[in-house]
Every structure is written in C-alpha cells, then in structure tokens.
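Structure assessment
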Amino acid sequence: MRHKRLLTGAACCIFPVFTQAAVTASYACPQSVPATSISLNAVPAGWTPYIGSPLYLSAAAPIDGAPERRGQLVPGGERKKKGRTILSYRLEGSYPDGKWLQCSYGAHGEVTLSKRMDDSVSLCEFTYRKGSKAGQNEIDIDCR
C-alpha cells in the first residue's frame with residue numbers, strides 16, 4: 001500500500017512536466033521558395049524575365065502582427081555555440097494583432113512567408129547555421 005502511495009505521489013509531481021512539454025509549438029520554415037512559384041509581372045517592355053533557381057531561407061524571426069504591419073522584433077539574447085548562433089525572443093505581453101513567424105528568402109530577405117503562431121507562445125529560440133547555398137541558413141525553431 002505504501003508503495004502505491006509513493007507511485008501516485010511521483011505521478012502527481014511528474015505530470016506537470018509532461019503537460020509543460022506539450023505546450024511546445026512546432027514551427028519550421030520551408031527551406032526554399034521554388035523557382036516555379038516565383039513570377040514577375042509588369043516587366044519593362046522589351047525585357048524577358050527568367051527565374052533559374054529557388055530562393056533559399058536566409059532568416060527567420062517572430063513578428064508583432066501580420067507581415068504588412070512590419071512589426072519586426074529585436075532578439076533579447078544572442079549566443080554562439082559550435083558554429084551556430086542562437087537568438088532568443090521573449091514574447092510576453094500584449095500582441096493584439098497576434099504573434100507571427102516570418103521566414104525570409106533571398107540574400108536580403110526579398111521574399112517572406114509568414115504564419116500566425118499560437119497566442120500562448122512566450123519564448124522562441126532560433127538556431128542558425130550556414131547552409132550549403134550562398135546566403136542560405138538552416139534554422140531550427142523552438143517555441144514554447
């Protein structure tokens with residue numbers, strides 16, 4: 001009987017750890033925007049557009065509100081570890097237009113893809129490492 005009570009007590013203490021882990025949100029940016037999905041309209045007369053390769057992921061960050069608001073956020077911390085850069089963002093407080101993930105493509109982020117994140121997300125870490133293509137970064141995203 002005493003053994004049963006001990007197991008029940010341990011389960012009560014461990015259960016909150018598992019529920020906290022369940023809150024972790026999984027977000028990932030597509031690695032590239034395919035060339036076939038990029039089009040140029042209203043090109044100057046006499047010019048023929050050609051898009052010969054995809055645009056590769058170069059950056060990612062949370063933003064305040066939809067992309068057209070341009071609500072760029074500043075990371076609260078930066079660490080370097082074994083050739084990787086880790087940027088941390090605290091997302092506490094009010095976000096009346098929502099918290100969004102913005103993925104940037106091209107050498108200077110010429111194209112972005114954005115997705116609304118869960119309102120409960122309060123911390124995100126973005127781990128950057130150089131990709132194999134020019135200007136490309138591989139980015140792991142951990143939000144909770």
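Summary of the structure given here. Here the residue numbering is sequential within each chain, running from 1 through the sequence in written order. The model is predicted, so local features are restricted to residues of pLDDT at least 70 and side-chain atom pairs to those at 80 or more, both for listing and for counting; the totals for chains, interfaces and linings are taken over all residues. Only heavy atoms go into the side-chain values, all of them from the structure, while hydrogens and water stay out.

1. What about the side chain of Ser-58?
Working definition: helices are DSSP H or I runs of at least four residues, strands are E runs of at least two. Numbering for both runs from the N terminus. Position of Ser-58 relative to the elements: it lies in strand β3 (residues 55–64). Two N or O atoms form a polar contact when they lie within 3.5 Å of each other; inside protein one atom must be a possible hydrogen donor and the other a possible acceptor, and for residues adjacent in sequence the pair counts only when both atoms belong to side chains. Looking at Ser-58, its side chain comes within polar contact range of the main-chain oxygen of Gly-106, at 2.9 Å. Should any heavy atoms of two residues lie within 4.5 Å, those residues are considered in contact. Non-local contacts of Ser-58, meaning those with residues more than four positions away in its chain, are made with Ser-104, Tyr-105, Gly-106, Gly-109, Tyr-128, Gly-135, Asn-137 and Ile-139.

2. A short note on the sheet that holds strand β5 (residues 84–90)
Each pair of strands is called paired provided DSSP finds at least two bridges between the two strands. Spatial ordering of the open sheet is given by β1-β9-β8-β5-β4, a layout of 5 strands whose pairing is antiparallel. Looking along the sheet, the strands with just one partner apiece sit at the ends: β1 (25–26) and β4 (77–81). Here β5 runs beside strand β8 (residues 123–130); their pairing, made up of 6 bridges, is antiparallel. Bridged to Leu-87 within β8 is Phe-126.

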